[in-house]
Amino acid sequence: MKGLLLFLGLLCVSVSRNDPQEHHQVFVIPHSHMDVGWVYTVQESMHAYASNVYTTVVEELSRVKDRKFIAVEQEFFRLWWDTTASQWHKKQVRQLLQEGRLEFIIGGQVMHDEAVTDIDDAILQLTEGHGFLYETFGVRPHFSWHVDPFGASATTPVLFALAGFDAHLISRIDYDLKDDMQKNKKLQFVWRGSSSLGRTQDIFTHTMDQYSYCTPSYLPFSNSSGFYWNGIAMFPDPPKDGVYPNMSLPVTKETLEPYAQTMVKNIKQRAQWFQTNHVLWPWGCDKQFYNASVQFTNMDVLMNYINKHSEEFGVTVQYATLKDYFQAVHQSNLSWEVRGSQDFLPYSTEPFQAWTGFYASRNVLKGVARRASSLLHSAESLFVRYRIRYPDGPVQKEWALDKLKALRWAVSEVQHHDGITGTESPKVADMYMDHLTQSMMRVEELLAAMFLLPQNPAISSANPESTEPSSDLEQHIIVYNPLAWNITTYINVSVKYPMALVFDDNGLAVPAQIQPSAESAADYDLFIVVELGGLQYRKYLIQFPQSKCNKGSSCGLTHAARVVTFETRNVSKWKKTGRRLLPVLNECYKLLFDQETNLLHSITDSFERRKVRIRQDFWEYEANGDVHTGPISDNYIFTANELAVLAYKSVAMQIIPGKIISEVRQYFYREESDKNYTYSMITRVPVGFKDRILCQRLDQSYGVGPLVVNKEAVLRTTTSLSNNRTIYTDNNGYQMLKREYKQYINNSVSRNYYPMVRKAYIEDDSSRLALLSERAHGVASLGQGQMEVMLHRRLWNNQEWNLGYNLTLNDSSVVRPVLWMMLGSPAAMASLSQHGALYLQHRPVVLPIDKPQKPWIVRERWDGPTVQPVVLPPNLHLQYLSIPGWCYGPSHAQHLQNLNSEGEGKPETDFDRVLLRIAHLFEEGEDPVLAKPTTINLKEVMQGLGEVKTVQERSLTGTWDISDLQRWNWRTTERSENAENSSSFTHMTTDFSVTISPKQIRTFFVYFK
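Our subject in this report is the structure included herewith. None of these values were measured; they are calculated from a predicted model. (Residues numbered from 1 in each chain as written. Predicted model: local features only at pLDDT ≥ 70, side-chain atom pairs only at ≥ 80, totals over all residues. Heavy atoms only, no water.)

1. A short note on a nonpolar patch on the surface
- Nonpolar side chains collect at one region of the surface, where V708, V709, W796 and L803 lie side by side and expose about 320 Å² of accessible area between them.
- Residue V709 is classed as partly exposed on the basis of its relative accessible area of 35%. (Patch = residues over 30% accessible without salt bridge, like charges linked within 9 Å, V, L, I, M, F, W, Y side chains within 5 Å. Areas by Shrake-Rupley, 256 points an atom, 1.4 Å probe, with all protein chains shown as cover. Salt bridge = Lys/Arg side-chain N within 4 Å of Asp/Glu carboxyl O. Buried < 20%, exposed > 50% of the residue type's maximum accessible area, 1.4 Å probe, protein only.)

Here it is in structure tokens:
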């Protein structure tokens, strides 16, 4: 992304061909950075250049034996392999892989973003790509090439280590930090991304220097560019005559020596920033090598000339893959400094260019992507249960797997670093949304089929307590709990009638609450209390009485809640506040709302008996849109030219007291005279629940927009906590990092923003206030006791580059994110917020089977839940349970033999292999009980699904038998060369018992009888 436009010019360092000098071994790595989205859609990119990259590279590598190439993003390669590659090309790819001249790097479906991507989705896209590569070629990537994500997370090196990688490569880190690391030769280090995992998942990390992944194109001897001989890709169609814009000056007899001088100068400049004499020299950039012939033809001549004069130049150059380079560095046997679990976020390229805006860009896309991920998580585990229970149908397994694969592809695709970030053009955002929504619809079809087809729906439900059909309308729903814990919670079903009775699958009445909908005057919100075992689904019957219920506010166990409306309050008339406080209570909290402002005033924690002053409202930053008057904000960059200002002038409030939830509705008007509100906040307070996760969560949903152009909207929560402007934010939902406020000469507001993927909190010695999120946002603590979350951005600017690529983010949508707020002691919140974040991400799936209608014919009674629960200990999370559908067996040797055969004996799709992934949620020392190693017996835990036959532990993405995985050991300054890794890792016992330690993620292949 933006590589050709961001490179730094060559420094004019002269090279004397006579001075004695250290000899440098140079690894020229041909590559093409191919964004899966960004400015152009995947289809446009395939047509314009991506397909030609693989076609011409394979042809050119086949012609000359010392040429090499690295392939990174798998989406384009898979499309080329399936739709374009000839049998000859496919045969050559296999040959090049065997020779080590074509190397797959990272191997994921995309080069995923590191700031706003959830860990589950990062693993999914990596697993998708690795599964294809291993199934098709028997290869397993060993190295990363994360050159373009906007900052680097400490979670990513952990995932790559768990996947079996030997080294990691990053590029985009803060400009001043990179400058310091270059000067001190600290661009390479061993990264210990998790403090709990310690040395076991260390990984050597190479940070690219200031030139990043693009070859500097400046030629001091010409006005033309250099090293990009195939020019710049053209859209929508490649030129018929093969002549592209900006084709570099060819290497000729006249230009050969100046070209060599230019290249060697750059090599020697870069060499002085690293500790060994090995120089990684990336050759390529965005959308390159679509004409590999002209590229290699010119570079062959240049490299041969340099090597011919190697002693004079002091360098030897060779085409290389990343393996060649990292192997040479590894064999240098140096000891490297260890970097702990701190990340490289946020990322800035200049003092007024903090890349923190994308944490909140395209909020709608971020929300849909996470909902798609959650739906996939649920559907995968349900398909596993279905296959074990109904191995022969009636839902056709191939049809079902196709539905799941389509959603896996869509969720993987949007994790691209110009996808979920919201930094793409509108047409590409539309592409992501279309792929996600279409695939979600297909998976919802699959869910309906799995629930309905095993039995005759005409006998799947009954009229409770009666054998005669009722005249009342009725509707049937199925509710599925995708978590491997027993839960009690409430669900919300939108209905058209003012009263409803609810019955479970035992025919027993269920507590419910009905009230006018906050979204539509024609609808009602029906809240139903559900109790579900882990991975369990239950059926519920909703009846709509046609005769009036004469029991006051209740009908059966359903409470009809009423709306109480308060007087709208204008900010201009606020005087003394805190005198008229209205309580909203439950078993855990006492919330006080100020009737003079219609804002939250305080919350008292009933367990700790501590009152915390809390105010929540909306503020806006005004963005500059004129590059001639100062720094701007755009898709990527957030520049706070001034402090945020209050975004409203009046507030309306309604309260709905209830028996399941009490709901507070607040509406914020930009102007006193406005009839339509710009902001809304709905807070649901669970009532009557003893479960602390449910009792201590305040479910808040917001409506934001449409915004005025060049406004950036934040939810500001101001408290009495003494946090010293320190905030804790999550790294991809995997681990929490402490963020202390930093004062900069310029742009302090923007540079103190961090990504919040699942959770952020502030605290003092007595209390912790946590916000849990179902999509990514930007978050900061800019004042004492303050936490603000950026919810929405609408921007336009006149920067030529942004206008040319349509990247101005004129997002006129209304966004509706959800946050859960939790307050309690730091000790209590440590466990409650861990579980709460997953409860929010994986809320029960509610599937309506039909629409309200007259009852079916008389049918037999329900007999309770029909499936057994699967329950893990509270510190372990069932991260993934699926049938991947790969076409390879567990034996690596046998798989390679099958690939090398002429089609005979190749295994078919394995519908019996189950991929199981279990994660320990806690850090070492985080909780006196839950932060301990936990032993489970997989056979016992999984018996709710079926009887386990065999279990094999695998690497993170499933391609390695864990007993075969031997990663490179890198020496560090902390230990001697032969020191063993300290490890709490224990292998599974013969009776399927496994001990999972803090922050471990363990992956298994499971077969059931």
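2. So, the packing of helix α2 (residues 42-63) against helix α3 (residues 74-83)
- The contact between α2 and α3 brings their axes to 9 Å, and the two run at 75°. In this view, α2 runs roughly perpendicular relative to α3, as classed from their interaxial angle. Contact residues: α2 offers V42, S45, M46, Y49, A50, S51, Y54, T55 and V58, while α3 offers E75, F76, F77, L79 and W80.
- Here the contact of α2 with α3 is composed, by residue class, of ten nonpolar, three polar and one charged. (Axes fitted to C-alpha atoms, helices over the stretch in contact; angles between N-to-C directions. Helix = DSSP H or I, 4+ residues; strand = E, 2+ residues; numbered from the N terminus. Parallel < 35°, antiparallel > 145°, perpendicular 65-115°, else oblique. Contact = heavy atoms within 4.5 Å. Nonpolar A, V, L, I, M, F, W, Y, C, P; charged D, E, K, R; others polar.)

3. Things to note about the pairing of strand β44 (residues 948-954)
- Most of β44 is tucked away: five of the seven residues are buried.
- Relative to strand β46 (residues 1001-1008), β44 runs antiparallel, the two sharing six bridges. Counted as the bridge partner of R954 is T1003 from β46. (Pairing = 2+ DSSP bridges.)

4. Digging into the sheet that holds strand β9 (residues 338-339)
- Spatially, the four strands line up as an open sheet ordered β4-β6-β5-β9, and their pairing is mixed. Whereas interior strands pair on both sides, the edge strands pair on one side only; in this sheet they are β4 (167-170) and β9.
- Bridge count between strand β5 (residues 188-191) and strand β6 (residues 203-207): four bridges; the pairing is antiparallel. Paired with F189 across the two strands is T205, which belongs to β6.

5. A short note on the sheet that holds strand β15 (residues 512-516)
- Pairing within the open sheet is mixed, and its five strands lie in the order β13-β16-β15-β19-β18. Edge positions in the open sheet fall to β13 (487-495) and β18 (554-555), since each of these has one partner strand only.
- Relative to strand β16 (residues 524-532), β13 is paired through nine bridges, and the arrangement is antiparallel. Each bridged residue has a counterpart across the sheet, and for S494 the counterpart in β16 is D525.

6. Considerations on the environment of Y244
- Along the chain, Y244 falls in the loop between β6 and α8 (256-271).
- On the basis of relative accessible area, Y244 is assigned to the buried category, the value being 9%.
- Distance in space between the C-alpha atoms of Y244 and M234 is 7.0 Å, their sequence separation being ten residues.
- Setting aside anything within four residues of it in sequence, one finds Y244 in contact with N230, G231, I232, A233, M234, P238, P239 and Y290.

7. Observations concerning the pattern of salt bridges
- For the coordinates displayed, the defined rule picks out 42 salt bridges.
- Across the pair R67 and E60 runs a salt bridge, and its minimum N-O distance is 2.8 Å. E60 matches R67 in its accessibility class, with the two residues each being buried.
- When salt bridges that share partners are traced, they join E60, R63, R67 and D300 into one network.

8. Thoughts on the packing of α8 against helix α9 (residues 292-308)
- Between α8 and α9, the shortest axis-to-axis distance is 10 Å and the interhelical angle comes to 75°. Relative to α9, the element α8 lies roughly perpendicular. The residues of α9 that touch α8, namely those facing L256, E257, Y259, A260, M263 and V264, are M299, V301, L302, Y305 and I306.
- When grouped by side-chain class, the residues that make up the contact of α8 with α9 number ten nonpolar, no polar and one charged.

9. Some thoughts on the nonpolar core
- Counting 231 residues, the largest nonpolar core has F227, M263, W283, M299, I528 and F618 as its most contacted members.
- Leaving out residues up to four positions away in the same chain, F227 has contacts with T215, P216, L219, S248, Y259, T262, M263, W281, W283, Q295, M299 and L302. (Core = buried A, V, L, I, M, F, W, Y, C linked by side-chain atoms within 4.5 Å.)

10. What about the side chain of E60?
- Relative to the helices and strands, E60 resides in helix α2.
- Setting aside anything within four residues of it in sequence, one finds E60 in contact with R67, A292, S293 and F296.

11. Section: the state of the cysteines
- The tally for this structure, following the rule as stated, stands at two disulfides.
- Note on cysteine connectivity: C214 is disulfide-linked to C285, with sulfurs 1.9 Å apart. What sets the handedness of the C214 and C285 disulfide is the S-S torsion sign, and at about 65° it is right-handed. One end of the pair, C214, is in the loop between β6 and α8; the other, C285, is in strand β7 (residues 278-286), and 71 residues separate them in sequence. Judged on exposure class, the residue C214 and its partner C285 are both buried.
- Paired through a disulfide, C588 and C695 show a sulfur-sulfur distance of 1.9 Å. On the sign convention where negative is left-handed, the bridge of C588 and C695, at about 130° about the S-S bond, is right-handed. One end of the pair, C588, is in the loop between β22 (581-585) and β23 (589-594); the other, C695, is in helix α15 (residues 692-695), with 107 residues separating them in the sequence. (Disulfide = S-S within 2.5 Å.)

12. Considering the pairing of strand β30 (residues 698-704)
- β30 sits mainly inside the fold: six of its seven residues count as buried.
- The sheet contact formed by strand β29 (residues 679-686) and β30 spans six bridges and is antiparallel. By the bridge assignment for β30, T683 is matched with Q700.
- Examined bridge by bridge, β30 and strand β39 (residues 818-824) share four bridges and lie antiparallel to one another. Considered in β39, the bridge of D699 is made with W820.

13. Quick notes on the packing of aromatic side chains
- Applying the stated criterion across every chain yields a total of 68 aromatic pairs.
- With a centroid separation of 4.9 Å and 75° between ring planes, the pair formed by W81 and F137 is classed as edge-to-face. Of this pair, W81 sits in helix α3 while F137 sits in helix α5 (residues 119-137); the two residues are 56 residues apart in sequence, bridging distant segments of the chain.
- With relative accessibility at 7%, the residue W81 sits in the buried group.
- Three or more aromatic residues joined by ring pairs make a cluster, and in this case those are F69, F221, F227, W229, Y259, W281, W283, F289, F296 and Y319.
- For the cation-ring pair, R768 lies above Y761, with the distance from its terminal atom to the ring centre recorded as 3.9 Å.
- Above the plane of the ring of Y888 lies R913, whose end atom (NZ or CZ) is 4.6 Å from the centre. (Phe/Tyr/Trp six-rings, centres within 6.5 Å; stacked < 30°, edge-to-face > 60°. Lys NZ or Arg CZ within 6 Å of the ring centre and 35° of its normal.)

14. Focus: helix α4 (residues 87-99)
- With 13 residues, α4 should reach 18 Å at 1.5 Å per residue; the first-to-last C-alpha distance of 19 Å fits that figure.
- Along α4, the residues classified as buried are H89, K90, Q92, V93, L96 and L97. For α4, the angular spread of buried residues about the axis comes to 160°, placing them on one side. In this structure, α4 carries Q87, K91 and Q98 as exposed residues pointing more than 90 degrees from its buried face.
- Residues of α4 that are buried sit in contact with α2, α3, β3 (102-104) and α5.
- The first or second residue beyond α4 is G100, which carries a positive phi of 75°. (Expected span 1.5 Å × (residues − 1). Arc of directions from axis to C-beta.)

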